[in-house]
Amino acid sequence: MAITLTENAAKQIQRQLAKRGKGIALRIGVKKVGCTGLAHTFDIADETRANDHSFESHNARVLIDADSLAFLDGSRIDFVTEGLKQMFKFDNPNVDSECGCGESFNVKKTKPDVKNTEVAP
């Protein structure tokens, strides 16, 4: 299982941690929402939780809980500017389809061990 960060994503994480003045990583997850099914969640993490997986690239760290990792495994995370909008962008091999607005996504048929996984809000 792996998550990778581009240099731009790592720099943005470092900027957000510095701006906040504390924190150890960016916490990424998924929640049920939107017109397609799942959406990414982002928060600054002050601690590592028991079910967290930790990934580091370019001196920046992300934490992902085990349930969310089942949907995000293999993702490459970038930080991009599109017009006036800046955002983390996922290249996720598990995505089957996205809604038209780009806010939510649906994953390919899940593996048997992930079939009944519920994602906490």
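Residue positions are given per chain, counted from 1 along the sequence in the order it is written. Since the coordinates come from a predicted model, pLDDT governs what is reported: local features require at least 70, and pairs of side-chain atoms require 80 or more to be given and counted, while whole-chain, interface and lining totals use all residues. To obtain the side-chain values, all non-hydrogen atoms of the structure were used and water was disregarded.

**Student:** What should I look at first to understand unusual backbone geometry in this one?
**Tutor:** In most cases, non-glycine residues show a negative phi, while peptide bonds are predominantly trans. Phi at His58 is positive, roughly 50°, even though this residue is not glycine. Numbering of helices and strands runs from the N terminus, with a helix taken as a DSSP run of H or I at least four residues long and a strand as a DSSP run of E at least two residues long. Counting through the fold element by element, His58 comes out in the loop between β4 (52–57) and β5 (60–65). Its identity as a non-glycine residue notwithstanding, Asn59 has a phi of 65°, on the positive side. In this structure, Asn59 sits in the loop between β4 and β5.

**Student:** Just to check I follow, could you spell out the nonpolar core for this structure?
**Tutor:** Soluble, globular proteins show a tendency: their nonpolar side chains are buried together. The biggest cluster of nonpolar side chains holds 22 residues, and the ones touching the most others in it are Ile3, Ile13, Ile28, Val62 and Ile77. Looking at this core, the elements with two or more residues in it are α1 (7–20), β2 (25–33), β5, α2 (66–72), β6 (76–82) and β7 (85–91). Residue contributions to this core peak at four residues, all from α1. Sequence-distant contacts of Ile28, that is, excluding residues within four places in its chain, are made with Thr41, Phe42, Val62, Leu63, Ile64, Asp65, Leu72, Ile77 and Phe90. Remark: nonpolar core denotes a set of buried residues (Ala, Val, Leu, Ile, Met, Phe, Trp, Tyr, Cys) joined through side-chain atoms within 4.5 Å. Note on exposure labels: buried denotes an accessible area under 20% of the residue type's maximum, exposed denotes more than 50%, and partly exposed covers the range between, all computed with a 1.4 Å probe on protein chains only. Residue contacts are defined here by distance: any two heavy atoms, one from each residue, within 4.5 Å place the two residues in contact.

**Student:** What should I look at first to understand the packing of aromatic side chains in this one?
**Tutor:** Two aromatic rings, taken as a pair, are described by how far apart their centres are and by the angle between their planes. Only centres within 6.5 Å qualify two rings of Phe, Tyr or Trp (six-membered ring in Trp) as a pair; their planes then separate them into stacked at under 30 degrees, edge-to-face at over 60, and tilted for everything else. Overall, the coordinates contain three aromatic pairs when judged by the stated rule. Taking the centre distance of 5.4 Å and the plane angle of 25° together, the rings of Phe42 and Phe88 count as stacked. Of this pair, Phe42 sits in strand β3 (residues 37–45) while Phe88 sits in strand β7; the two residues are 46 residues apart in sequence, bridging distant segments of the chain. For Phe88, a relative accessible area of 19% gives the class buried. Geometrically, the ring pair formed by Phe42 and Phe90 is tilted, given 6.0 Å between the ring centres and 45° between the ring planes. With Phe42 in strand β3 and Phe90 in strand β7, this pair connects stretches of sequence that are 48 residues apart. Note on Phe90: relative accessible area 15%, which makes it buried.

**Student:** Would you mind showing me how to read the side chain of Ser68 here?
**Tutor:** Its location among the elements puts Ser68 in helix α2. Sequence-distant contacts of Ser68, that is, excluding residues within four places in its chain, are made with Gly29 and Val30.

**Student:** Mind showing me how you'd approach the pattern of salt bridges here?
**Tutor:** Two side chains bearing opposite charge may form a pair once their charged atoms approach each other closely. Salt-bridge detection follows one rule: a side-chain nitrogen of Lys or Arg within 4 Å of a carboxyl oxygen of Asp or Glu. Under the definition given, this model contains four salt bridges. Between Asp46 and Arg20 there is a salt bridge, and its shortest N-O distance comes to 2.6 Å. Of this pair, Asp46 sits in the loop between β3 and β4 while Arg20 sits in helix α1, and the two are 26 residues apart along the sequence. Residue classification places Asp46 among the partly exposed positions, given a relative accessible area of 42%. Residue Arg20 is classed as partly exposed on the basis of its relative accessible area of 38%.

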